[in-house]
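What follows is each chain in one-letter form.
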Amino acid sequence: MTLVYSLLALTLCSAAFGAKEVVLPHKETLDANGKFKIAWFVDDNDVLELQAVVETTGWIALGFSPNGGMPGSDIVMAWIDEDGTQHFSDRHATGNALPIEDSHSNVELLELSENEGVTTLRFRRHLNTCDKSGEDLTIEGTSRLIYAYHDEKPVNGVPAKHSATHRSVRSVNIAQYEPPQLAFPEAEEDVKHIDIRFEQAVTPAGERTRYWWRGFRLPEELRTNKVHIIGYDALIEGEEAEAHHLLLYICHKTLNDTELAYIGNSDHSRCERQSATTRATASSGRKPHTIDTEKCNCALQS
């Protein structure tokens, strides 16, 4: 029996870009309030075209970080003065301070506009700019996107520091421009689908990270027969900007009814990780995943 889970090379460098405008099919909202939205597309030449739409008329900044922090990040920054003068720059951060302008820009500005309290920025760059200075990051896999904005325009060309509520980081799979879809075998009676949900998971203010845990028991027919996981997807409803990753463990001990009823902080989980086997992971920015059962050992149990 097979089981589907739904859980909450060679690099070529070129300086030339194509002239045609492309549709940006991939979209994400980076902040919990829905004020910072992006859309993007990566073409066959590994050129990224990205648009940021932000509810502000001050400055905006978007960057690719090696680890989620500012130091070492590759950042673009933009704003429009009261007289209509546009400012756009390719920058890099060496610390938690105003990013430094790059000695050479590897980003092409396509659009910078304001309309009814919203700033729109559109640009393109190569995933790998082949920059020799070390000021640019190569974009690959899941990217740590850092973003910030300010509601006031810079004074004398100097952006004021953002507030704590106007900046954050989000993991997004930018480079995977053709995300795999969850493909299930059709017309096979032995393929089962299970939703595993947290009914009351919360993200309280003031905590940087919260790990939420719950246990569950498989249906009897799945516990008494050998089954395989053939795919999984994340179901995140209402807290997409806050959720970071989900892990599914197979616990090697039997949980009683009291332990199964517990839902809460993972510090008090009833199944220690050292006595469990990880069977599925889903992180922010990751798309539905299908497992090739001929190439891996995906058995849920024997």
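For the structure itself, consult the block above.
Residues numbered from 1 in each chain as written. Predicted model: local features only at pLDDT ≥ 70, side-chain atom pairs only at ≥ 80, totals over all residues. Heavy atoms only, no water.

Colleague: Is there a simple way to explain the nonpolar core in this structure?
Modeller: Most often, soluble globular proteins have nonpolar side chains that are buried together. One finds F36, I38, L48 and I174 to be the most contacted residues of the largest nonpolar core, which totals 27 residues. Of all the secondary-structure elements, those providing two or more residues to this core are β3 (36–42), β4 (47–54), β5 (60–65), β6 (74–80), β10 (118–126) and β11 (143–149). With residues up to four places along the chain from it excluded, the contact list for F36 reads E28, T29, L30, D31, A52, V53, V54, A61, L62, Y147, A148 and Y149. (Core = buried A, V, L, I, M, F, W, Y, C linked by side-chain atoms within 4.5 Å. Buried < 20%, exposed > 50% of the residue type's maximum accessible area, 1.4 Å probe, protein only. Helix = DSSP H or I, 4+ residues; strand = E, 2+ residues; numbered from the N terminus. Contact = heavy atoms within 4.5 Å.)

Colleague: What is the right way to look at unusual backbone geometry in this model?
Modeller: Leaving glycine aside, a negative phi is the common case for residues, and trans is the common case for peptide bonds. Positioned with a positive phi, E116 is a non-glycine residue whose angle comes to about 50°. Locating E116 in the fold gives a position in the loop between β9 (108–115) and β10. The backbone of N156 sits at a positive phi, close to 55°, despite the residue not being glycine. Residue placement: N156 occurs in the loop between β11 and β12 (167–172).

Colleague: Explanation requested: the sheet that holds β9 in the structure shown.
Modeller: Two orientations exist for strands paired in a sheet by backbone hydrogen bonds: parallel and antiparallel. Read from one edge to the other, the open sheet built from five strands follows the order β2-β3-β4-β10-β9, with strand pairing classed as antiparallel. What marks the edges here is a single partner per strand, and that holds for β2 (26–29) and β9. Within this sheet the neighbouring strands show an average axis-to-axis angle of 15°, counted without direction. Here β9 pairs with β10 via seven bridges, running antiparallel. Paired with E111 across the strands is R122, a residue of β10. (Pairing = 2+ DSSP bridges. Axes fitted to C-alpha atoms, helices over the stretch in contact; angles between N-to-C directions.)

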